[in-house]
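# Per-entry structural report
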Amino acid sequence: MERALAVDGSVGRARVVAARRLLDETGVLIGLVIVALLFGALIGPQFFRAANLELVARQTVIVCVGALGMTMVIVSGGIDLSVGSIVALSTVVTAVLLREHGPAVSALGAIAAGAGCGLINGLLITQLRVVPFIVTLGTMLLVRGAAKGLADERRIEAPITWLNNLLRTARDGSGVLLPTGIWITALLAIAVAFTLRYTRFGRHLFAIGSSERTARLCGVRINRTKVAVYTIAGALAALAGVMEFSKLSVGDPTVAVGLELDVIAAVIIGGGSLSGGKGSVVGTIAGAAIMALIQIGCSQQGLPNWVQQIVTGSIIVGAVALDRWRARVAA
Amino acid sequence: MAEPVARLQMRGIGKSFGATAALDDVDLIVRAGEVCALVGQNGAGKSTLMAILAGALKPDCGAMSLDGSPYVPRDPLAARQAGVAMIHQELSLAPHLTVMENIVLGVEPTRGPLAIVDRRRMRQIAEAALAEVGHSDIAPDALVSDLSPAAQQLVEIARARAIGCGVLVLDEPTSSLTQGDVRKLFDLIARLKRQGIAIVYISHFIEEVKQVSDRFVVLRDGRNAGEGATAETRTEDIVAMMVGRTIADLYPRGTRSRGEAALELDAVVPGHATLTLHRGEVVGIAGLLGAGRTRLLRAIFGLAPVKAGRIRVAAYGGAATPNERWRQGMGMLSEDRSGEGLARGLSVADNMTLSRLEPLGPRGLVFPARQRRAASKWIERLDIRCADARQPVAELSGGNQQKVAVARLLHHDVDVLVLDEPTKGIDVASKAQIYRLIDELVSGGPERPAPHPSGGPETSAPHETGVGRPFQGRQKAVLLVSSYFPELLGVCDRIAVMSRGSLGPVRHVSEWNEHSLLMEASGARAS
């Protein structure tokens, strides 16, 4: 009987499949719209003023850049807990290099340092065969310690350069319409989305995350791919660090403690699965935006920080529960 | 002698999965103090019957009783409480707990209102249970993970005794034991018999069945196919009951002509395998589950280490990684379809093309439209039932999933196809399609995809064994592993039997029949 149903309903079934696919891809965007409308209703139309939206974007840019790398890592079935520490290291390296070198060299140096940390993560995970959670838990402390050592446990002052303007509002003349940092993030988002969808590397990440044994059977070079993805994630975290530096204008080894959790939350709200094989850039950015909207909305509404945290926490659990529920209904 | 009520009665048991009837009107009766062997080929319905007995599956029809009173287990726990215990091939102990903790697991003796575990009672129970199975030498405090497989099995049997089991099912209990341990196990079985337990003994090894059982029941294609007293029945007759007949036109056979050697194995360990596979032929490796066939295939394909011997794939010698094997023109179909063969969450198109994304775009790019086109071609040719190429593979039926896995080898256009149990757990229609496909591949039939340009950035990697493709020819070579002997006899040109970890000589298919294959595979050497 079940079989007969399947045959008769095959057209309807195809439609159901297509509808579900659409929902999978747009579910988080619907969530974003709901959150935005909610605060719009509470605060009034000024919530949607350009300046306010730009504030949201500026707020979320650091989490977003880190989350781009995290999306790739989570798609491959891994996790990277060292993001916050790499951000801190990156602010310190930028500040130290700025004393002797120009801003471009300093920023690149910081990104290289981050990529190095990511490379170490990747090598430890693939060569020692220790699970990513443990390895990056270790390097989280390790890198944080290195940053503090490098900075001699102090904030590092640095000369003011154009690096400090990365996240400045556009009205003071720097940046076209939006701060440069937001443009950089947007371009990177497109690049990462393209990589995940249209490159062999990206398809291999999905395959490894979905079933590592299948990927191995199919000749995917798993170690190489994993090392690459952690290296890229490290570099992106360091870029987030450069932006953090731009905000702080000092190198601070104690900054961004716990940032990795915001980053992971953004990926998870955006439909990523910690068991791998799922995740998208659009979802991740929407996830980060939802969190930033809640943060800003709550503070503009005059709600205390604890309300904000409770709402964000509920959304993380709710988003994943909703996803599970949908998967169960589909099956 | 008055006949007592049988300890276990299963009567008229039927069970269907979708359209396939796994069991049809099956009877199994075991008396107290009797060892009844349950034999049959893979897929004959033994596991399903035992799952019903253990409360893991509900029968569609039929009745069960224990000591004459009706027995309708709601779940495995209820079955255990009713005194039905199972010892599986893979043991189910908690490795980090001690022997005594395992023995009382789930029925821990407790004390007081807070239900604090009474460790002294626990020890007493464990010691009593171990003594009952005649192995007081096992320390109750030992960690289970420190014990040998044989000792772990004893602990599991002791656990069954501790809950007071009246029916004990042993599923392939000797598969991981040494000869000496097997003898000890048989002594223990004799002891349990004297204690009045009804034992169901499942084994592929007819020798063992002859040695240990009082009676045997044969299942074939989900039905009773004979039974009798073991001592009064010849091995050949038991085998004949297991075998039955075959359907001839299920296995088409085009004109095959043997081409050049495509795969040469020279004393390869694991498997002690020596054989040469040519283009235009199917060579089968027969054997029972656990005989070591899969390990040999995995070593050939680079998924497991080669301990000794030489492997030659066309022009390339030596061991290689799976990646290199694909590029040398060899592809493998895993027996573990859902765990390894397919990435269940990925789409049909992703799964089919994963090993060879190069032709789907320039320079490391993959164009989804091209990927879907490539997949759609095979969806059509292999008649795969799915919504479209983007549907997750997990949503397909078993047979269609398997066709997706096979299509990967076709998309890659490999010359040597290594197929491990290609028809395991799939419906008859899909089986027939796979047999037809294999025949067309070796006889150079119409399923051949259009030739593609070799190369692309990844193929030109500077690895000595992986440059370009070895040869371009028409017919493929197929190495087929199966424990379903009719299909081997129907599809293969030559067959070798693997038994207890080593591969016997390769002989032409006409020199084999189901009987001799089963005898050889069961370790009862045919003359």
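Every chain's residues receive numbers from 1 upward, in the order its sequence appears when written. Chain letters start at A and ligand numbers start at 1, both assigned in the order the entries are written. Reporting in this predicted model follows two pLDDT cut-offs: at least 70 for local features of residues, and 80 or more for side-chain atom pairs to be given and counted; totals over whole chains, interfaces and linings ignore these cut-offs and use all residues.

### Structural notes on the overall build of chain A
Numbering of helices and strands starts at the N terminus; helices are DSSP runs of H or I of at least 4 residues and strands are runs of E of at least 2. Along its length, chain A carries 13 helices and 2 strands. Looking at chain A as a whole, 47% of its 331 residues qualify as buried. When contacts within chain A are restricted to residue pairs at least 6 apart in sequence, long-range pairs at least 24 apart make up 77% of them. Field definition: a residue is buried when 20 or more other C-beta atoms are found within 10 Å of its C-beta, exposed when 12 or fewer are, and partly exposed for counts in between, with C-beta atoms placed from the backbone. Any two residues are considered in contact once their C-beta atoms, placed from the backbone, lie within 7 Å.

### A short note on the overall build of chain B
Within chain B, the regular secondary structure consists of 17 helices and 23 strands. Note on method: radius of gyration uses C-alpha positions; expected globular size equals 2.2 Å times residues raised to 0.38. A compact globule built from 527 residues would reach a C-alpha radius of gyration of about 24 Å, and chain B, at 26 Å, matches this within 12%. Taken along the three principal axes of its C-alpha coordinates, chain B extends 75 × 55 × 45 Å. The burial tally for chain B puts 47% of its 527 residues in the buried class.

### Here we look at helix H1 (residues 46-53) of chain B
Residue and element names in this part refer to chain B. Most of H1 is tucked away: 6 of the 8 residues are buried. Those residues of H1 that sit buried are Lys-46, Thr-48, Leu-49, Met-50, Ile-52 and Leu-53. Just past H1, the residue Gly-55 takes up positive phi, approximately 80 degrees.

### Remarks on the interface of chain B and chain A
Interface size, as often reported, equals the accessible area lost upon joining of the parts. Each side of the interface is counted separately: chain B has 26 residues, and chain A has 23 residues. Residues of the side of chain B that touches chain A, tallied by class, amount to 14 nonpolar, 9 polar and 3 charged. Amino acids are sorted into nonpolar (Ala, Val, Leu, Ile, Met, Phe, Trp, Tyr, Cys and Pro), charged (Asp, Glu, Lys and Arg) and polar (every other residue, Gly among them).

### Quick word on the sheet that holds strand E17 (residues 316-317) of chain B
One key point about sheets: their strands pair by backbone hydrogen bonds, in either a parallel or an antiparallel sense. All names here are of chain B. Spatial ordering of the open sheet is given by E14-E13-E16-E17, a layout of 4 strands whose pairing is antiparallel. What marks the edges here is a single partner per strand, and that holds for strand E14 (273-278) and E17. Note on pairing: DSSP must find at least two bridges between two strands before they are called paired. As paired strands, strand E16 (residues 308-313) and E17 are joined by 2 bridges and run antiparallel to one another. Across the sheet, Arg-312 pairs through a bridge with Gly-317, a residue of E17.

### Overview of the domain arrangement of chain B
Start and end points for every domain follow an automatic or database-based domain assignment. When the domains of chain B are assigned, the result is domain 1 (1-83 + 168-243), domain 2 (94-164) and domain 3 (257-521). The C-alpha-based centres of domain 2 of chain B and domain 3 of chain B are spaced at 46 Å.

### Quick word on helix H5 (residues 149-162) of chain B
Residues and elements named next belong to chain B. Every helix has an expected span of 1.5 Å times one less than the residues it contains. Across its 14 residues, H5 extends 20 Å between first and last C-alpha, which sits within 8% of the 20 Å expected from 1.5 Å per residue. Most of H5 sits inside the fold, with 11 of its 14 residues counted as buried. Along H5, the residues that are buried comprise Gln-152, Gln-153, Leu-154, Val-155, Glu-156, Ile-157, Ala-158, Arg-159, Ala-160, Arg-161 and Ala-162. Against the buried residues of H5 lie strand E6 (84-87), helix H3 (99-103), helix H4 (119-132), strand E9 (167-171) and helix H6 (179-194).

### Some remarks on the environment of Leu-192 of chain B
All names here are of chain B. By the secondary structure assignment, Leu-192 is in helix H6. What makes Leu-192 buried here is the crowd of 23 C-beta atoms within 10 Å. Beyond its immediate chain neighbours, meaning those up to four positions away, Leu-192 contacts Leu-168, Ile-197 and Ile-199.

### Looking at unusual backbone geometry
Following Val-269 of chain B, the chain continues to Pro-270 of chain B via a peptide bond in cis, the omega torsion being 5 degrees. Positionally, Pro-270 of chain B belongs in the loop between strand E13 (261-269) and E14. Positive phi, close to 55 degrees, is recorded for Arg-129 of chain A, a residue that is not glycine. In this structure, Arg-129 of chain A sits in the loop between helix H5 (103-127) and helix H6 (132-150). On the basis of neighbour count, Arg-129 of chain A is assigned to the exposed category, with 9 C-beta atoms found within 10 Å.

### Re the nonpolar core
Connectivity within a nonpolar core runs through C-beta atoms within 7 Å, and the core itself is a set of buried Ala, Val, Leu, Ile, Met, Phe, Trp, Tyr and Cys residues. Counting residues in hydrophobic clusters, the biggest one holds 243 residues, and the most contacted among them are Ala-238 of chain A together with Ile-103, Leu-168, Ile-199, Val-416, Val-418 and Val-478 of chain B. Broken down by element, the residue count for this core peaks at 14 residues, all from helix H10 (residues 222-248) of chain A. The contacts of Ile-199 of chain B, once residues within four sequence positions are left out, are Val-35, Cys-36, Leu-168, Leu-170, Ile-189, Leu-192 and Lys-193 of chain B.

### Examining the packing of helix H7 (residues 180-198) of chain A against helix H8 (residues 200-210) of chain A
When two helices pack together, their arrangement is given by the angle between the helix axes and by the axis-to-axis distance. All names here are of chain A. Working convention: axes come from line fits to C-alpha atoms, limited for helices to the stretch in contact. Angles between N-to-C directions cover 0 to 180 degrees. Orientation of H7 relative to H8, taken along the N-to-C sense of each, is 70 degrees, at an axis distance of 5 Å. With respect to each other, H7 and H8 are oriented roughly perpendicular. Of H8, the residues touching H7 (which contributes Thr-195, Leu-196, Arg-197 and Tyr-198) are Phe-201, Gly-202 and Leu-205. The class makeup of the residues in the contact of H7 with H8 is 4 nonpolar, 2 polar and 1 charged. Convention used here: angles under 35 degrees read as roughly parallel, angles over 145 as roughly antiparallel, angles from 65 to 115 as roughly perpendicular, and any remaining angle as oblique.

### Some remarks on the sheet that holds strand E3 (residues 35-39) of chain B
Residue and element names in this part refer to chain B. With mixed pairing, the 6 strands of this open sheet are ordered in space as E6-E9-E10-E3-E11-E12. A strand with exactly one partner marks an edge of an open sheet, and here the two such strands are E6 and strand E12 (223-229). The mean inter-strand angle of the sheet, taken between neighbouring strand axes irrespective of direction, is 20 degrees. Each of E6 and E9 touches H5; the most contacted strand, E6, lies at about 175 degrees to it. In the packing of H6 onto the sheet, the strands contacted are E3, E9 and strand E10 (198-202), and the crossing angle to E10 comes to about 150 degrees.

### Considerations on the confidence of the model for chain B
Residue and element names in this part refer to chain B. Every residue carries a pLDDT, the predictor's confidence in it, which falls somewhere between 0 and 100. With 91% of its residues at a pLDDT of 70 or more, chain B has an overall mean of 85. Confidence drops under pLDDT 50 across residues 446-473; counting only partners more than four residues distant or on other chains, this segment forms 42 contacts. In the predicted complex, the global pTM is 0.76; the interface-specific ipTM is 0.82.

### Some details on the packing of helix H14 (residues 398-412) of chain B against helix H15 (residues 428-442) of chain B
Residue and element names in this part refer to chain B. At a minimum axis distance of 9 Å, the contact between H14 and H15 shows a crossing angle of 20 degrees. In terms of orientation, H14 and H15 fall into the roughly parallel class. Helix-helix and strand crossings are classified by hand; for H14 and H15 the assignment is right-handed. In this structure, H14 uses Gly-399, Gln-402, Lys-403 and Val-406 to contact H15, whose residues at the interface are Ala-429, Ser-430, Ile-434 and Leu-437. Should the near helix be turned anticlockwise from the far one by less than a right angle, the crossing is termed left-handed; should it be turned clockwise, right-handed.

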